Amino acid sequence: MERWETIKAVERMQEYIDANIHAPITLSALAAAAGYSPWHAARMFKEVTDKAPFEYIRALRLSQAAIMLRNEKSRVIDVAFDFVFNSHEGFTRAFSKQFGVSPKKFSKESASVHLFMPERVRDYYLNLQRGEIKMPNTNTKTVFVQVVERPARKVIIKRGVKATHYFEYCEEVGCDVWEVLSGIKDALYEPIGMWLPQNMIKNSTSEYVQGVEMAADYNGPLPDGYDIMDLPPCQMMVFQGEPFDDEKYDEAIEDLWETMKHYDPQLYGFEWADGEGPRFQLAPMGYRGYIEARPVRQINKA
């Protein structure tokens, strides 16, 4: 329970940052939002997000500034002041250090950059703590399980050729797809890796793809070489492992896969429904545990 109290405190700080991203933010204000001392609040924030508060704030401001420069074609100086940078020069130095390209060049060429988008993680996946189930599994670790409703939506994807998992996919299409997906405006959540059901696989394309979900009425542009398709409403059983050391991500994935392999959803009134949507995984990040989801449907009881 202590872990979730820490996450809730960090969530409150993230909400404060989101609400005040265009204004000066002090550590005292963040601490007040968290309900802890400045020192303790900063320590918890670093523990959960792997970034110090002001490192996080700067990365978030620069990413939102990049979106504004790309989509609204605003003047660099206006964007700089809007995100609380004191000068054009200071903003340009920070932007160039973060993304490897000047804001002026980025605005003209819309270069591919890796955006920092933590709010997508928080808003959706911290809800996993509601109704969590501690389930028995094949090792001594705890896995949390939550069934969530997924509305009708669209998904923008980049297909591979024969890939059945992440490493094969990277060999086929490269490893920059995630960055492109992270930069798509109005995405519902963060990018995901997906195993498509057979009815969603095009001829001579891969089972494993990467994509990002969009609203059902999305009709915006697509990056070159990407597809968009409709996903019907469905239920997803989301599995979340314990936090792990980042360098041990492969062990965390294998542990969760082993648990999922032996998990019987009928114990909780569900059955697998793999044809109703893609199974998906989030990027493994140690502070939140590895997360994967598989479609299910509720069993109708006579």
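None of the values given here were measured: they were computed from a predicted structure. Within each chain, residues carry numbers counting from 1 in the order of the written sequence. Predicted model: local features are reported for residues with pLDDT of at least 70 only, side-chain atom pairs are reported and counted for 80 or more only, and whole-chain, interface and lining totals are derived from all residues. Each side-chain value is worked out from all heavy atoms of the structure, with water and hydrogens disregarded.

Draft legend 1. The arrangement of the overall build of the chain in detail. Starting at the N terminus, helices and strands are each numbered in turn, a helix being any DSSP run of H or I of at least four residues and a strand any DSSP run of E of at least two. Tallying secondary structure elements over the chain gives 11 helices and 10 strands in all. Across the 302 residues in the chain, those meeting the buried criterion constitute 47%. In the chain, once contacts between residues fewer than 6 apart in sequence are set aside, the share between residues at least 24 apart is 72%. With a 1.4 Å probe rolled over the protein chains alone, any residue whose accessible area is under 20% of its type maximum counts as buried; one over 50% counts as exposed, and the rest are partly exposed. Contact definition: two residues touch when any of their heavy atoms are within 4.5 Å.

Draft legend 2. Representation of a nonpolar patch on the surface within the structure. On the surface, Tyr166, Phe167 and Tyr249 cluster together to form a nonpolar patch covering roughly 300 Å² of accessible area. Relative to the helices and strands, tyrosine 249 is located in helix α11 (residues 249-262). Of the residues examined, tyrosine 249 reaches a relative accessible area of 33% and is grouped as partly exposed. Patch rule: a residue counts if its relative accessible area is over 30% and it has no salt bridge; like charges are joined within 9 Å, and nonpolar side chains (Val, Leu, Ile, Met, Phe, Trp, Tyr) within 5 Å. Per-residue accessibility takes into account occlusion by the displayed protein chains alone, with areas from the Shrake-Rupley method and a 1.4 Å probe. Put simply, a salt bridge is a Lys or Arg side-chain nitrogen that is within 4 Å of an Asp or Glu carboxyl oxygen.

Draft legend 3. Focus on helix α2 (residues 27-34). Of the residues making up α2, those classed as buried are Ala29, Leu30, Ala31 and Ala34. The first or second residue beyond α2 is glycine 35, which carries a positive phi of 90°.

Draft legend 4. View of the packing of α2 against helix α3 (residues 38-49). Look at α2 against α3: their axes get within 9 Å of each other, and the N-to-C directions meet at 80°. As far as their axial angle goes, α3 and α2 are roughly perpendicular. Contact with α2, carried on its side by Leu27, Ala31 and Ala34, involves Pro38, Ala41 and Ala42 of α3 and no other residues of that element. Classes in brief: Ala, Val, Leu, Ile, Met, Phe, Trp, Tyr, Cys and Pro nonpolar; Asp, Glu, Lys and Arg charged; the others, Gly included, polar. Its residues placed into classes, the contact of α2 with α3 shows six nonpolar, no polar and no charged. The convention used is that axes are lines fitted to C-alpha atoms, helices contributing only their stretch in contact, and that angles between N-to-C directions extend from 0 to 180 degrees. Each angle gets one of four labels, with under 35 degrees taken as roughly parallel, over 145 as roughly antiparallel, 65 to 115 as roughly perpendicular, and the rest as oblique.

Draft legend 5. Spatial organisation of unusual backbone geometry. For valine 84, which is not a glycine, the phi torsion comes out positive at approximately 65°. Topologically, valine 84 is positioned in the loop between α5 (76-82) and α6 (88-99).

Draft legend 6. Representation of the side chain of glutamate 213 within the structure. Its location among the elements puts glutamate 213 in strand β5 (residues 208-215). Take glutamate 213: its relative accessible area is 5%, and that puts it in the buried class. Contact partners of glutamate 213, with chain neighbours within four places excluded, come to Arg150, Arg153, Lys154, Val155, Ala187, Leu188, Tyr189, Ile192 and Leu231.

Draft legend 7. Main features of the pairing of strand β4 (residues 192-195). A two-sided burial pattern is seen for β4, the buried positions comprising Ile192 and Met194 on one face and Gly193 and Trp195 on the other. Strand pairing is assigned whenever DSSP identifies at least 2 bridges connecting the two strands. Note: β4 against β5, four bridges, orientation antiparallel. Note on β5: the bridge partner recorded for tryptophan 195 is tyrosine 208. Pairing geometry for β4 and strand β9 (residues 279-281), over three bridges, is antiparallel. Its bridge partner being in β9, tryptophan 195 is matched across the sheet by arginine 279.

Draft legend 8. Quick look at the side chain of arginine 150. With respect to the helices and strands, arginine 150 occurs in strand β2 (residues 144-150). Reaching out from arginine 150, the side chain makes a polar contact with the side chain of tyrosine 189 at a distance of 3.1 Å. Think of a polar contact as two N or O atoms within 3.5 Å of one another; within protein, one of them needs to be a possible hydrogen donor and the other a possible acceptor, and neighboring residues in sequence only count if both atoms come from side chains.

Draft legend 9. Region of the structure containing the packing of helix α4 (residues 53-72) against α6. Relative orientation of the contacting elements α4 and α6 amounts to 95°, with a least axis distance of 10 Å. It follows from the interaxial angle that α4 and α6 lie roughly perpendicular. Taking contact as the criterion, the partners of Arg58, Ala59, Leu62, Ser63, Ala65, Ala66 and Leu69 in α4 are, on α6, Phe91, Ala94, Phe95, Gln98 and Phe99. Of the residues in the contact of α4 with α6, the class split is nine nonpolar, two polar and one charged.

Draft legend 10. Quick look at a negative patch on the surface. When charges are tallied, Lys and Arg are placed among the positive residues and Asp and Glu among the negative ones, while His and the ends of the chain are skipped. The location of each charge is read from NZ of Lys, CZ of Arg, CG of Asp or CD of Glu. A cluster of like negative charges, contributed by Asp50, Asp245, Asp246 and Glu247, occupies part of the molecular surface. For aspartate 245, a relative accessible area of 42% puts it in the partly exposed group.

Draft legend 11. Structural view of the confidence of the model for the chain. A score between 0 and 100, pLDDT records how confident the predictor is in each residue. Model confidence for the chain is summarised by a mean pLDDT of 84, while 88% of its residues fall at 70 or above. Confidence drops under pLDDT 50 across residues 119-140; counting only partners more than four residues distant or on other chains, this segment forms 59 contacts.

Draft legend 12. Spotlight on the packing of aromatic side chains. When two rings of Phe, Tyr or Trp (its six-membered ring) have centres within 6.5 Å they constitute a pair, described as stacked for plane angles under 30 degrees, edge-to-face for angles over 60, and tilted for the intermediate range. One pass over the full model with this rule turns up 12 aromatic pairs. Between phenylalanine 95 and phenylalanine 106 the ring centres are 5.7 Å apart and the planes differ by 55°, which places this aromatic pair in the tilted class. Of this pair, phenylalanine 95 sits in helix α6 while phenylalanine 106 sits in helix α7 (residues 103-109), and the two are 11 residues apart along the sequence. In this structure phenylalanine 106 comes out as buried when scored by relative accessible area, which is 2%. On the numbers, 6.4 Å between centres and 55° between planes, the contact of tyrosine 263 with tryptophan 272 is tilted. Following the ring pairs from residue to residue traces out a cluster consisting of Phe85, Phe91, Phe95, Phe99 and Phe106. Between the NZ or CZ atom of arginine 279 and the centre of the ring of tryptophan 195, over which it lies, the distance is 3.8 Å. Only Lys NZ and Arg CZ are tested; either one counts as a charge over a ring when it is within 6 Å of the ring centre and within 35 degrees of the ring normal.

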